[in-house]
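# Chains, contacts and geometry: an overview
These are the residues of each chain, in order.
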Amino acid sequence: MKKHLSVFCLIARSSIFKVILILVLSLIIQSAFFISECNNAFHAEDLSGDYIPDLERMVSLSAANVWFAGTVCLITLLLCIHGCEFGSKCSYTVKRLSVSEISVFFMQAAYNATVFIILLCSEIILTFFLSGYYLSAAPAEFISGQSVFLAFYRNEFLHSILPLEDIILWIRNALLFCTFSLATAFFPLKHRRGKISVAIFFIAVFSVIWNSGTIGADFSVIVAIFISLIMSAYILYYVIKISGEEPSYDS
């Protein structure tokens, strides 16, 4: 157990500080855009007759979904690249600990899952923080005690990251987490064998471009679940298939 923990820490040290930097920059940029949109809306010359965007509209105007998608892509790329960096020092440490290549794969997948969970939780916390700013800045007649709750039901992006009682979206999100975690660990595994995995590119493009945060179980959500299951099954099948081969950490 101790040797596996050592390898996990070795994997984490290769990218964790860069992950944190990307997260911090993303949160700062999203906050700046949201606050700017709020200030533009709430400091008009005459609010009495003007339309004041509600919270969910303000989230859309600040392009939170675009910034979040960009953050996901950057962190995904970072995890793939740093996963390939098994240089002489890392290779020697892994071999000295007698940890199999498959064990390294699953530990890397676990680390990647942790990173994606932190990413999602950070985004949810940020949305609650910005919601609080909106409630404090908006005129009292334009808000209610249900403003935040309703925003998470009516805005596709907010509902996507926190589906509330939408069970099918919880299932989709959980499967996407698993697929992203496995695919970002699968890329370096194939790279160390002189091959390139397209699985992560496929699932990333599909998730960011085609699949929206739709409210309810529509066709796109069902397709996302199906694609996630297929990709995860393929990756696990490949890993099990090579489990009897000698590990290779040369890159």
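Keep in mind that what you see is a predicted model, and the values were worked out from it rather than measured.

### Regarding helix 7 (residues 147-154)
The complete set of buried residues in helix 7 reads S147, V148, A151 and F152. Down the axis of helix 7, the sector holding all buried residues measures 135 degrees, keeping them to one side. Its buried side turned inward, helix 7 meets helix 3 (55-61), helix 6 (101-137) and helix 8 (156-161).

### Topic: the pattern of salt bridges
This structure, assessed with the given rule, holds 1 salt bridge. Among the ionic pairs, R154 bridges to E56, the shortest N-O distance being 2.6 Å. Of this pair, R154 sits in helix 7 while E56 sits in helix 3; the two residues are 98 residues apart in sequence, bridging distant segments of the chain. With relative accessibility at 10%, the residue E56 sits in the buried group.

### With respect to the packing of aromatic side chains
Using the criterion set out here, one finds 8 aromatic pairs in the structure. Between F116 and F180 the ring centres are 5.6 Å apart and the planes differ by 70 degrees, which places this aromatic pair in the edge-to-face class. Placement of the pair is F116 in helix 6 and F180 in helix 9 (residues 167-191), with a sequence separation of 64 residues. Exposure class is identical for F116 and F180. Each is buried.

### With respect to a nonpolar patch on the surface
Judged by side-chain polarity, L21, L25, I29, F33 and W67 come together as a nonpolar surface patch covering roughly 440 Å² of accessible area. It is helix 2 (residues 16-42) that contributes the most residues to the nonpolar patch, 4 residues altogether.

### Points about the packing of helix 6 against helix 11 (residues 219-241)
At a minimum axis distance of 10 Å, the contact between helix 6 and helix 11 shows a crossing angle of 155 degrees. Considering the angle they form, helix 6 stands roughly antiparallel to helix 11. Between helix 6 and helix 11 lies a crossing of left-handed hand. Between helix 6, through I102, F105 and F106, and helix 11, the contact on the second element is made entirely by I235, L236 and V239.

### Observations concerning the confidence of the model for the chain
Low-confidence regions, as indicated by low pLDDT, have predicted coordinates that should not be scrutinised in detail. On average, residues of the chain score 82 in pLDDT, and 83% of them reach the 70 mark or higher. Helix 2 holds the highest mean pLDDT among the elements of the chain, 92, whereas helix 5 (residues 88-96) holds the lowest, 56.

### Things to note about the side chain of S122
Tracing the backbone through its elements, the reader meets S122 in helix 6. What S122 contacts, discounting residues up to four positions off in sequence, is L23 and L27.

### Digging into the side chain of N112
Assignment of secondary structure puts N112 in helix 6. The buried category is assigned to N112, whose relative accessible area is 1%. Within the structure, N112 has its side chain in polar contact with the side chain of T184 (distance 2.8 Å). Discounting residues that sit within four places of it in the chain, N112 has contacts with L79, S181, T184 and A185.

### Observations concerning unusual backbone geometry
Phi angles above zero are rare outside glycine, and A63 is one such case at about 55 degrees. Mapped onto the elements, A63 comes out in the loop between helix 3 and helix 4 (64-83). Of the residues examined, A63 reaches a relative accessible area of 23% and is grouped as partly exposed. Notably, L164 is not glycine yet its phi reads approximately 55 degrees, a positive angle. If you trace the backbone, L164 turns up in the loop between helix 8 and helix 9. Residue class for L164 comes out partly exposed when judged on its relative accessible area of 28%.

Rules and cut-offs
Residue numbering note: each chain is counted from 1, following its sequence as written. Only residues with pLDDT of at least 70 are given local features in this predicted model, and only at 80 or more are side-chain atom pairs given and counted; all residues enter the totals for whole chains, interfaces and linings. Computation of side-chain values covers all heavy atoms of the structure but excludes hydrogens and water. Relative accessible area decides the class of each residue, using a 1.4 Å probe on protein chains only: under 20% of the type maximum gives buried, over 50% gives exposed, and in between gives partly exposed. A helix here means a DSSP run of H or I that spans at least four residues, while a strand means a run of E at least two residues long, and both kinds are numbered starting from the N terminus. The directions considered for the arc run from the helix axis to the C-beta atoms. By definition, residues are in contact when any of their heavy atoms lie within 4.5 Å. In the sections that follow, a salt bridge refers to a side-chain nitrogen of Lys or Arg positioned within 4 Å of a carboxyl oxygen of Asp or Glu. Within 6.5 Å between ring centres, the rings of Phe, Tyr and Trp (the latter by its six-membered ring) count as paired, and their orientation is classed by plane angle as stacked under 30 degrees, edge-to-face over 60, tilted in between. Residues enter a patch when their relative accessible area is above 30% and they make no salt bridge; the linking distance is 9 Å between like charges and 5 Å between nonpolar side chains (Val, Leu, Ile, Met, Phe, Trp, Tyr). We get accessible surface area from the Shrake-Rupley algorithm with a probe of 1.4 Å; when it comes to residues, only the shown protein chains can shield them. Where helices are involved, their axes are fitted lines through C-alpha atoms of the stretch in contact, as for all axes, and angles between N-to-C directions lie from 0 to 180°. Note that the term roughly parallel is reserved for angles under 35 degrees, roughly antiparallel for angles over 145, roughly perpendicular for angles of 65 to 115, and oblique for everything else. Left-handed describes a crossing whose near helix is turned anticlockwise from the far helix through less than a right angle; right-handed describes the clockwise counterpart. For every residue, the predictor assigns a confidence score, pLDDT, that lies between 0 and 100. In the analysis that follows, any N or O atom pair within 3.5 Å is treated as a polar contact, provided that within protein one partner can donate a hydrogen and the other can accept it, and provided that, for residues neighboring in sequence, both atoms belong to side chains.

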